[in-house]
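Here's the letter readout for the chains.
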Amino acid sequence: MANTLNLPVGIDDFRKLRQSNFYYVDKTRFIEQYLLNWGKATLFTRPRRFGKTLNMSMLKSFFEIGTDKSLFDGLYISGNKELCAEYMGRYPVIFLSLKGVDGLDFTTARRMLCAILKNEFDRHYYLKTSDALTDEDRTLFTKMLRGNDDNIEDSIRMLSKLLFKHFGQKVVILIDEYDVPLDKAFQNGYYKEMVSLIRGLFGQALKTNEFLQFAVLTGCLRISKESIFTGLNNFKVMSITDSRFDEQFGFTDKEVRKLLSDYGMDSHFDEIKEWYDGYHFGRADVYCPWDVINHVDHLRDDSDAKPQTYWINSSGNSLVRRLINRADSSTKDEIERLIAGEAIEKVIRLDLTYDEIDNSIDNIWSVLFTTGYLTKIGEVRLPDSESYAYKLVIPNKEVREVFVLQIQEWFKAVVANENDTMKLLSRAILDKDEQQIARQLNIVMGRMISILDTKAPDDMKENFYHGLLLGLLRGSNPGWLIKSNRESGDGFSDILIKPEDPDAGIIIEVKYAKEIKGLDAACDAAMAQIKDKRYDEALRDEDRCDILAYGIAFCRKRCRVVGEKL
């Protein structure tokens, strides 16, 4: 019988998930691994939607004084009685998620950060009447409750001090999505101000805080230590290349198989693997949990539901757009190879500052790797060097979709700016100038990513070029009435055009050739089809008797054109 538990779509609060009896993929071994090798401050970097917030919420529920210990009943960590007795429910906890720190300007973003801090102060409202605090302490805490941001940089340290005084126990600090404020600041032009604020906040909380037991941070990027962690000793970074904790963010093959088995969906394993697997963290191969949970949830309502791009649609994809917009010929070739399923070799920088991203296109490759758009399948030693380059691939079908989508958007923008080329193309079609039509189409395709046609199997590639040509014609000729797959004669013509001249008509039949040498034969087949199927009938029915027919054949970035007056 299939599992009846609800799936935790969008739920990243561990306590709520467990109390409301949602399905949970047990990641509590993370606690054991951490406690056996913890440091003063540890940063875990993983792509978005890989369970960072849920794991941080789990840590909060485990360590915090007054926790409901039954939340961990039946889970892996409960089997380690000694560890649970020593650490569970033993610490005051400060938990901050910075994912909501956003704003078009620094003032707005700073205000949002203050609101997040105030919410955490409110969570510890009992300090206002604590007998362990002095009058001065309680006055200070009251100011913090009011959202007084005169000394925001010292606010986390001060709260640590007050909690230590109240409980007589050092504090655990958990900061989720620590780099989101820096990302938003970079995008909106106030990066330097935000770096200064975050550096002060973290410096006080993590470096000079005598009341700190340990701290755990998560984020997408490993921001260089010199940027915001200056002088912080014993700072550990667990990135996607580290074998430690490699199975604790994302789902393993075993976990996905069990999830599908629990819901009676074993037959969907192959499609889920093709769409959402392919990430390599350390030595582990993992799936994006956001995708798997969402797709299985859809399958519960509709057993025929097709895989969707859940991860892509959950956030913007400006990094891929930035790469494509800056791509030179070599980079375009590398993008083509990636989309075709090949690997490229790149030297990767794991620690960057956001304002370094645009310094070189190599930095963009590095960020695409650390944020999950690319994954590592091996290493290659560089000639005459001790350094290595990573062999990078697109992890799965879903991420391939975002590359293709952004390339298509980029191509549309290129075409929109090619007024001269489009005018020459339109004029050549009206003048039956086959060479000029082919020349202008070849110019346009020379600027695009040719491998886009591999998105479809061979028998569907004709549709790709049909759509490409249709988009070009509609975008450049607002006065032409253009029909696609219009019934005419004994079939359906690919493209039927009614120019402004009421006597004129144009028929275009598109063909795909596997090889360049097959273009001529494909053009001839297109022309024969126009005549045999009498595609000109629909135009003649409207008294359009000045009719031009074209057979256009495509192969990668090349095309041939044959024209004839009917």
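You'll find the structure just up there.
This text gives an overview of the structure that appears in the document.

## A closer look at the overall build of the protein chain
Move 1: Assigned secondary structure in the protein chain consists of 23 helices and 17 strands.
Move 2: For the protein chain, the residues scored as buried account for 55% of the 566 residues in total.
Move 3: Residue pairs in contact within the protein chain that sit at least 24 positions apart in sequence constitute 71% of those at least 6 positions apart.
Move 4: For the protein chain, the exposed area adds up to about 25,100 Å²; of that, 45% sits on carbon and sulfur atoms.
Move 5: Taken together, the 79 basic and 89 acidic charged side chains of the protein chain have centroids lying 4 Å from each other.

## Points about the packing of aromatic side chains
Move 1: Enumeration over the complete set of coordinates arrives at 35 aromatic pairs.
Move 2: Relative to phenylalanine 211, the ring of phenylalanine 164 lies with its centre 5.4 Å away and its plane at 40°, an arrangement referred to as tilted. One end of the pair, phenylalanine 164, is in helix 7 (residues 155-167); the other, phenylalanine 211, is in the loop between helix 9 (191-207) and strand 4 (212-219), with 47 residues separating them in the sequence.
Move 3: Where phenylalanine 202 meets phenylalanine 229, the ring centres are 6.0 Å apart and the plane angle is 10°; that geometry is what we call stacked. Pair noted here: phenylalanine 202 is in helix 9 and phenylalanine 229 is in the loop between helix 10 (225-228) and strand 6 (235-238), with a separation of 27 residues, a long-range link. Accessibility assignment for this pair places phenylalanine 202 and phenylalanine 229 in one class, buried.
Move 4: Through a chain of ring-to-ring contacts, the aromatic side chains of Phe14, Tyr24, Tyr34, Trp38, Phe62, Phe63, Phe72, Tyr87, Tyr91 and Phe214 assemble into a single cluster.
Move 5: A cation over an aromatic ring shows up here: arginine 48 above the ring of tryptophan 311, its NZ or CZ 4.4 Å from the ring centre.
Move 6: The ring centre of tyrosine 390 lies 4.5 Å from the NZ or CZ of lysine 376, which sits over that ring.

## Some points on the sheet that holds strand 2 (residues 93-97)
Move 1: The strand order across the open sheet built from five strands is 2-3-4-1-6, with neighbouring strands paired in parallel fashion. In this open sheet, the two edge strands, each paired with only one partner strand, are strand 2 and strand 6. Neighbouring strand axes in the sheet, compared pairwise and without regard to direction, differ in orientation by 10° on average.
Move 2: Two elements, strand 1 (residues 41-45) and strand 6, share four bridges in a ladder whose sense is parallel. The partner of leucine 43 across the bridge, within strand 6, is valine 237.

## Topic: the sheet that holds strand 12 (residues 388-393)
Move 1: Strand order in this open sheet of three strands is 9-12-11, and the pairing throughout is antiparallel. Of all strands in the sheet, those with a lone pairing partner are strand 9 (344-346) and strand 11 (375-381), marking the two edges. The sheet shows a mean angle of 35° between the axes of neighbouring strands, taken without regard to direction.
Move 2: The pairing of strand 11 with strand 12 spans six bridges and is antiparallel. Looking across to strand 12, one finds that valine 380 is bridged to alanine 389.
Move 3: In the packing of helix 16 (residues 329-339) onto the sheet, contacts are made with strand 9 and strand 12, and the angle to strand 9 comes to roughly 125°.
Move 4: Across the sheet, helix 17 (residues 361-370) is in contact with strand 9, strand 11 and strand 12; its angle to strand 9 comes to roughly 105°.

## Re the packing of helix 5 (residues 106-123) against helix 6 (residues 135-145)
Move 1: Two elements in contact, helix 5 and helix 6, have axes whose closest approach is 9 Å; the angle formed by their N-to-C orientations is 130°. In terms of their interaxial angle, helix 5 and helix 6 are classed as oblique. Contacts between helix 5 and helix 6 involve Lys118, Phe121 and Asp122 on the former and, on the latter, Phe141, Met144 and Leu145.
Move 2: Of the residues assigned to the contact of helix 5 with helix 6, the class counts are four nonpolar, no polar and two charged.

## Quick notes on the side chain of asparagine 363
Move 1: Within the secondary structure, asparagine 363 is located in helix 17.
Move 2: Discounting chain neighbours no more than four positions away, the residues touching asparagine 363 are Arg349, Leu352, Glu356 and Ile357.

Conventions and cut-offs
- Residues numbered from 1 in each chain as written.
- Predicted model: local features only at pLDDT ≥ 70, side-chain atom pairs only at ≥ 80, totals over all residues.
- Heavy atoms only, no water.
- Helix = DSSP H or I, 4+ residues; strand = E, 2+ residues; numbered from the N terminus.
- Buried < 20%, exposed > 50% of the residue type's maximum accessible area, 1.4 Å probe, protein only.
- Contact = heavy atoms within 4.5 Å.
- Areas by Shrake-Rupley, 256 points an atom, 1.4 Å probe, with all protein chains shown as cover.
- Lys, Arg positive; Asp, Glu negative; His and termini not counted.
- Charge placed at Lys NZ, Arg CZ, Asp CG, Glu CD.
- Phe/Tyr/Trp six-rings, centres within 6.5 Å; stacked < 30°, edge-to-face > 60°.
- Lys NZ or Arg CZ within 6 Å of the ring centre and 35° of its normal.
- Pairing = 2+ DSSP bridges.
- Axes fitted to C-alpha atoms, helices over the stretch in contact; angles between N-to-C directions.
- Parallel < 35°, antiparallel > 145°, perpendicular 65-115°, else oblique.
- Nonpolar A, V, L, I, M, F, W, Y, C, P; charged D, E, K, R; others polar.

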